[in-house]
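This is what each chain is made of:
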Amino acid sequence: MAARYAVGVDIGGTKMFAGVIDLESGQVVGSQRKRTHPERGLDFFVKRLTDVVAAAIEAADLPKEAALLGIGAGIAGQVDRASGVLLMGPNLGQGLDNLPVRDLLQQRFKIPVFLGNDVEVATYGEHHYGAGRECDDFVCIFVGTGIGAAIIQNGVMRRGVTGTAGEIGHTIVQYEGRICGCGGRGHLEAYASRTAITRVLMAELSRGRESKLRELLDPKDSAIRSKVIARCIDEGDQLVIDTVSEAADYLGAGISSLATFYNPARIILGGGLIDATTLLFDRATLRTHESTLPAATRGLAVLRAELGDNSGIIGAAWMAEAQLAHLLE
Ligand SMILES: [Zn+2]
């Protein structure tokens, strides 16, 4: 059988990433990434998106007879899957609300396009090519700017009655605790996301606490990058170790509640901060095992995601093929 290829695109608030994927192996044949710059507005966004996809196709340099089945795209926001429209993406800015992403890409590339959410496509990637292979009951949790999750139940994605299933970042780990980006209080995302860790570190620095961060921070950047956090931990920086440890304890509490309540076979942790540090993963896993009902941990494996940064593009390409075969509802 001839090789099958599709394009996968992962569109986040920080970067856009596109790749041509060999659907048999999940290999990335060619890819391109660029910064999103959502503040530069709609026209810039649309041009950048089509440029990134075109560059990935060019980089793949497929033989003439090899056809691309389609394009799958996962975007950081709420989407209408049937119409391929981005409804809203808080990290992309309001200027992109109601953007017809599917039609824009379809007009330009003349192949079928399917739109999903970024966490959804990354979970498809792990399910079919990564740490969720041969497992039909698991939860993927991605820790980054926010904390998102998706549930695979009996082999299919469980979305919930109104599509919010998996929003573990907005479950409560501290009653009446810190204010979350969504306006609620005490949510996991306000304690264990990179945004939350950044906020604590910045507050401690401004109180005068000593840290290597003072030399490593980029003054132009309001966020603290995962690799900077990782380097501080490796070099024994006590402030960063304390802060990430506290975040890990809350993450473990959140995962523990999930494990006890939902009793999945696997919980897969991914995202920039998990990939960059072992402290967050190891300590959150330890806390999970300490606090979960023993009967629920007996069959539970807490694993790292295997595809790293590629989970979104690989899963998005898989989604395009599955949609074309009418495998998804
Ligand atoms: Zn929240």
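Calculation notes
Residues numbered from 1 in each chain as written. Predicted model: local features only at pLDDT ≥ 70, side-chain atom pairs only at ≥ 80, totals over all residues. Helix = DSSP H or I, 4+ residues; strand = E, 2+ residues; numbered from the N terminus. Rg over C-alpha atoms; globule rule 2.2 N^0.38 Å. Buried ≥ 20, exposed ≤ 12 C-beta atoms within 10 Å, placed from the backbone. Pairing = 2+ DSSP bridges. Axes fitted to C-alpha atoms, helices over the stretch in contact; angles between N-to-C directions. Domains from an automatic or database assignment. Contact = placed C-beta atoms within 7 Å. Nonpolar A, V, L, I, M, F, W, Y, C, P; charged D, E, K, R; others polar. Expected span 1.5 Å × (residues − 1). Arc of directions from axis to C-beta. Parallel < 35°, antiparallel > 145°, perpendicular 65-115°, else oblique. Left-handed = near helix turned anticlockwise from the far one by under 90°.

A short note on the overall build of the protein chain
The helix and strand inventory of the protein chain stands at 12 helices and 12 strands. The C-alpha radius of gyration computed for the protein chain amounts to 20 Å, which stays within 12% of the reference 20 Å derived for 329 residues, consistent with globular compactness. With the principal axes as the frame, the protein chain shows a C-alpha extent of 60 × 50 × 35 Å. Taking all 329 residues of the protein chain together, 47% fall into the buried category.

Some points on the sheet that holds strand β8 (residues 137-143)
Here we have five strands laid out as an open sheet, ordered β10-β9-β8-β11-β12, and mixed in their pairing. Taken across any chain shown, the strands that pair with only one partner, and hence form the sheet edges, are β10 (156-158) and β12 (301-304). Strand-to-strand twist of the sheet, defined as the mean angle between neighbouring strand axes without regard to direction, takes the value 25 degrees. Inspection of the sheet shows β8 paired to strand β11 (residues 266-270) by five bridges, in the parallel sense. Bridge pairing in β11 places I141 opposite L269.

With respect to the pairing of β11
Counting buried residues along β11, four of its five residues qualify, which places the element largely inside the surrounding structure. Across four bridges, the pairing between β11 and β12 is parallel. Its bridge partner being in β12, I268 is matched across the sheet by L303.

With respect to the pairing of strand β6 (residues 85-88)
With three bridges joining them, strand β5 (residues 78-80) and β6 adopt antiparallel strand pairing. In the sheet register, Q78 faces β6, and the bridge partner there is M88. Between β5 and β6, which pair antiparallel in sequence order, lie four residues; one of them, G84, sits at a positive phi of approximately 70 degrees.

Quick look at the domain arrangement of the protein chain
Each assigned domain of the protein chain is listed here: domain 1 (5-124 + 310-324) and domain 2 (134-305). Just the C-alpha atoms count here: the centres of domain 1 and domain 2 sit 26 Å apart. Listed per partner, the contact involves seven residues of domain 1 and 11 residues of domain 2. The element that contributes the greatest number of residues to the side of domain 1 that touches domain 2 is helix α3 (residues 118-129), accounting for four residues. A per-class count over the side of domain 1 that touches domain 2 returns two nonpolar, four polar and one charged.

Digging into helix α1 (residues 42-60)
Helix length check: α1, at 19 residues, gives a terminal C-alpha distance of 27 Å against a target of 27 Å (1.5 Å per residue), a fit within 8%. Along α1, the positions that sit buried rather than exposed are F45, L49, V52, V53, A56, I57 and A60. For α1, the buried positions fall inside an angular range of 130 degrees around the axis, keeping them on one side. Residues of α1 that are exposed and point more than 90 degrees away from the buried face comprise D43, K47 and E58. Residues of α1 that are buried in the fold lie against β1 (5-11), β2 (15-22), β3 (28-35), β4 (68-75) and α2 (101-109). Within two residues after α1, D61 carries a phi angle of roughly 50 degrees, on the positive side.

Observations regarding the packing of helix α8 (residues 238-262) against helix α10 (residues 278-291)
Remark: α8 packs on α10, axes separated minimally by 7 Å, with the N-to-C direction vectors making an angle of 40 degrees. Overall, the two elements α8 and α10 adopt an arrangement that is oblique. Relative to α10, the crossing made by α8 is right-handed. Side by side, α8 and α10 meet where I241, V244, S245, A247, A248, D249, L251, G252, A253, I255, S256 and A259 of the first sit next to L279, L280, R283, A284, L286, R287, T288 and S291 of the second. Classifying every residue of the contact of α8 with α10 gives 12 nonpolar, five polar and three charged.

A word on the sheet that holds β3
The strands making up a sheet associate through backbone hydrogen bonding, with each pair oriented either parallel or antiparallel. Spatially, β3-β2-β1-β4-β7 is the arrangement adopted by the five strands of the open sheet, whose pairing is mixed. The two strands at the open ends of the sheet, each matched to only one other strand, are β3 and β7 (113-117). Going across the sheet, the axis of each strand differs from the next one's by a mean of 15 degrees, ignoring polarity. Note: β1 against β2, seven bridges, orientation antiparallel. Directly across from V9, in β2, lies its bridge partner A18. Each of β1, β2, β3, β4 and β7 touches helix α12 (residues 311-324); the most contacted strand, β1, lies at about 125 degrees to it.

Observations regarding the environment of L87
Within the secondary structure layout, L87 lies in strand β6. Judged by the 12 C-beta atoms lying within 10 Å of it, L87 is exposed. As a C-alpha pair, L87 and D97 span 10 residues in sequence and 5.3 Å in three-dimensional space.

So, the packing of helix α7 (residues 226-234) against α8
Across the interface, α7 lies against α8 with an axial gap of 8 Å and an inter-helix angle of 115 degrees. Here α7 is positioned roughly perpendicular relative to α8, judged by the angle of their axes. Taken as a pair, α7 and α8 cross one another with a handedness that is left-handed. Contact residues: α7 offers I229, C232 and I233, while α8 offers V240, I241 and V244.

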